[in-house]
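Letter by letter, the chains look like this.
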Amino acid sequence: MSTYLNTGIELAYLAAAALFILGLKKLGSPATARQGNFLAAVGMLIAIAATFLNQSVLNYEWILVGIIAGSLIGAIAAQKVAMTDMPQMVGIFNGVGGAASALVAVGEFWRVLNTTGTVPLDATFIAILGVLIGGVTLTGSLLAFAKLQGLITGSPVTFPFQQPFNFLLLAGFLAGSVYLLIKPENPAIFLTLTTISLLFGALFVLPIGGGDMPVVVSLLNSFSGLAASAVGFILGNSMLIVAGALVGASGLILTQIMCKAMNRPLTNVLFGAFGGDSTAVGGAGGAEIDKTYRSIDSEEGAMMLGYARSVVIVPGYGMAVAQAQHGVRELASQLEKMGVDVKYAIHPVAGRMPGHMNVLLAEANVAYDRLYDMDDINTEFDRVDVALVIGANDVVNPAARNDNHSPIYGMPILDVDKAQHAIVIKRSMRTGFAGVDNELFYKDKTTMLFGSAQDVVSKLVSEVKQL
Amino acid sequence: MEAGLLTGLVVFVLASFVGFEVINKVPPTLHTPLMSGANAISGIAVVGALLVAGVREWNVTTILGLVAVMLATVNVVGGFLVTDRMLQMFKKKEAS
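Keep in mind the model is a prediction, meaning the values are calculated, not measured.

The accessible area lost on association of the parts is a frequent measure of interface size. Facing the 102 residues of chain A at the interface are 80 residues of chain B. Between chain A and chain B the total buried area reaches about 7900 Å² when both faces are included, carbon and sulfur atoms providing 76% of it. By the criterion of area lost to chain B, the three top residues of chain A are R34, N37 and M44 of chain A, representing 8% of everything that side buries. Inspection of the chain A/chain B interface yields 1 salt bridge. For R34 of chain A, the salt bridge is made with D84 of chain B, and the minimal N-O distance between the two is 2.9 Å.

Structure, rendered in structure tokens:
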């Protein structure tokens, strides 16, 4: 009887794994993405239900309490979160997932140690791995959340002797691991290793700037998959190994894509704060340009937009923060009524994560065939009458193309400077995230429209209506 | 190395390749929902938590397991719902 049951459970796991793969595949195309997410959720349900059939799972009441509490917290958080805060949300979900894996690793090590008095070498090794990856995921994600949410400073945090300290910690961790592998009977060492793992996560994220947090969240997402895999090895459970490996691989690919979009190697993102060479040259290249700019008011801006044949809107994170996307959509439909061809140019790292801007615009009901990727729209800019830049800065800075002293040199940008005219909506002349001056603002065909994105856009809407 | 561990390793490596292949060709539009969806799948740790928490006796392991069940469920439920919320928006536009 019990062998039949176990075969059934394994088959259910197989079905769940297949559903995960199918789901991930379908998540890759706009038409099927929602279905893909649903399939993955069904897979998860099957996996959980099958696990309940396992004869060693008896503690139903308390498990149900845990599941209900977790579901409530998760559902409420998912409903309440604003779309602009999505990166933080993914970060924190990721953190609790990592915590769960770490707790299971600790618990299982504890159980084996207390029932048999010792732990086999391979089991100890995997337990250490699970605790390390899970712990780093937990504290790393929490710190990334704190940075994105503005709870702690977004700028890189370094302190004296940080690197020697890190190395000392690492050496301590390795020494402790070796000791534990030889003498696994020492729970104090195991707890010390757990603590060091938690410290690692924090120390790893602390020196990384807030703007790079999405890359970190994506990398930690990959880690949380690996942590689940490690737990799978500890418990000898293939379901965990497969699903964890899937997430581990996909997270790594996504991280790679994000780094590519910023034209920075991953090592530079993670350890850039220690280099210091890339940021120092910041202002040097910008000094020689003529720093006069023209500013206009919204009435003039509305006239330029209303009588243009084609307008390309370049939204940046500034637009999202100001919650101006609904106003932007209204402006676009007003312009379309007047016969203007309106397109949106989406830079790969617009917003805070790849695709984040698409989600924000989608929330405001912008049809997604109006959204153009950088490579598609860049060939068209010289035929565009007006490029409207809203709250974007570094991603439209021509210095990335021309000035090899600039810290952002080589980053792919939107060629807004090739349009006939550019209107830049911005709060002030302050520099963007990279701290670099933007020569686009000083060009003859560029006009600045100062103010908060939301005010300016709603003024533009009413001015365009009166045309 | 025991046989179970070796099988696990084989499964792990093959699944990683599947993960790479499946994700490789995805339009940037969907990267955020995809990250969120993958994150929900990593909540599979709930299965491990259930196995550890399932024992009907009170000790450190069951308590840790129960906490893990709750945390992993937050990840699973929150992750899938938030992904669906994002994707719903793409849907709405198609209709309009």
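We are not done yet, so read on.
Moving on, we come to helix α12 (residues 298–306) of chain A. All names here are of chain A. For α12, every residue scored as buried is listed here: S298, G301, A302, L305 and G306. Axial view of α12: buried residues confined to an arc of 125°, hence all on one face. Where α12 is buried, its residues meet β2 (310–315), α14 (325–337), β5 (386–390), β6 (421–426), β7 (446–450) and α18 (453–466).

To continue, consider the side chain of N378 of chain A. Residue and element names in this part refer to chain A. Residue position: N378 is located in helix α16 (residues 374–378). What makes N378 buried here is its relative accessible area of 17%. A distance of 3.0 Å separates the side chain of N378 from the backbone oxygen of I413, its partner in a polar contact.

All names here are of chain A. Of the pockets and cavities examined, the second largest pocket occupies roughly 540 Å³. Lining the second largest pocket are 19 residues, and of these L170, F200, L203, F204 and F271 lie nearest its centre. Counting residues per element, the ones that place at least two in the lining of the second largest pocket are α5 (121–149), α6 (162–182), α7 (187–205), α8 (213–235) and α10 (266–275). Residue contributions to the lining of the second largest pocket peak at 5 residues, all from α6.

In this section: the sheet that holds strand β3 (residues 341–346) of chain A. Residue and element names in this part refer to chain A. Read from one edge of the open sheet, 7 strands run β1-β7-β6-β5-β2-β3-β4, paired in parallel fashion. Each edge of the open sheet carries a strand with a single partner, namely β1 (294–295) and β4 (371–373). Relative to β7, β1 is paired through 2 bridges, and the arrangement is parallel. Considered in β7, the bridge of R294 is made with T447. In this fold α14 packs onto β2, β3 and β5, with an angle of close to 145° to the strand it touches most, β3.

Once that is clear, we can look at the pairing of β6 of chain A. Residues and elements named next belong to chain A. Buried residues dominate β6, accounting for 5 of its 6 residues. When β5 meets β6, the two strands line up parallel, connected through 5 bridges. Pairing of A387 across the sheet is with A422, part of β6. Pairing analysis gives 5 bridges linking β6 to β7, with the strands arranged parallel. For K426, the partnering residue across the bridge sits in β7 and is F450.

Judged by side-chain polarity, W62 and V65 of chain A together with W58, I63 and V67 of chain B come together as a nonpolar surface patch covering roughly 510 Å² of accessible area. Broken down by secondary-structure element, the contributors of at least two residues to the nonpolar patch are α3 (60–80) of chain A together with α4 (60–95) of chain B. Mapped onto the elements, I63 of chain B comes out in helix α4.

Criteria and thresholds
Per chain, residue numbering runs from 1 following the sequence as it is written. Each chain gets a letter, beginning with A, and each ligand a number, beginning with 1, in the order they are written. Given that the model is predicted, a residue must reach a pLDDT of at least 70 before its local features are reported, and side-chain atom pairs must reach 80 or more before they are shown or counted; all residues, however, enter totals for whole chains, interfaces and linings. Calculated side-chain values reflect all of the structure's heavy atoms, with hydrogen atoms and water omitted. Every residue pair with non-hydrogen atoms within 4.5 Å of one another is taken to be in contact. Two parts placed together each lose some accessible area under a 1.4 Å probe, and the buried area is that loss summed for both. Salt bridges are counted wherever a side-chain nitrogen of Lys or Arg sits within 4 Å of a carboxyl oxygen of Asp or Glu. Here's how the labels work: a residue is buried when its accessible area is under 20% of the maximum for its type, exposed when over 50%, partly exposed in between, all with a 1.4 Å probe on protein chains only. Each helix corresponds to a stretch of at least 4 residues labelled H or I by DSSP, and each strand to a stretch of at least 2 residues labelled E; elements are numbered beginning at the N terminus. The arc in question is traced by the directions running from the helix axis to the C-beta atoms. Residues adjacent in sequence count toward polar contacts only when both atoms are side-chain atoms; beyond that, a polar contact is any pair of N or O atoms within 3.5 Å, and within protein one must be able to donate a hydrogen and the other to accept it. Detection works on a 1 Å grid of protein atoms alone, calling trapped sets that fit a 1.4 Å probe cavities and calling open sets with protein on both sides within 12 Å along at least five of seven lines pockets, with lining residues defined by an atom within 4 Å of a point. Grid points are joined across faces, edges and corners, and a volume is the space filled by probe spheres set on the points. Each pair of strands is called paired provided DSSP finds at least two bridges between the two strands. Note on geometry: axes are lines fitted to C-alpha atoms, helical ones only across the stretch in contact, with angles between N-to-C directions running from 0 to 180 degrees. Exposure above 30% relative accessible area and no salt bridge define the residues that can form patches, which grow by joining like charges within 9 Å and nonpolar side chains of Val, Leu, Ile, Met, Phe, Trp and Tyr within 5 Å. Surface accessibility in these figures is a Shrake-Rupley result with a 1.4 Å probe; residues are shielded only by whichever protein chains are displayed.

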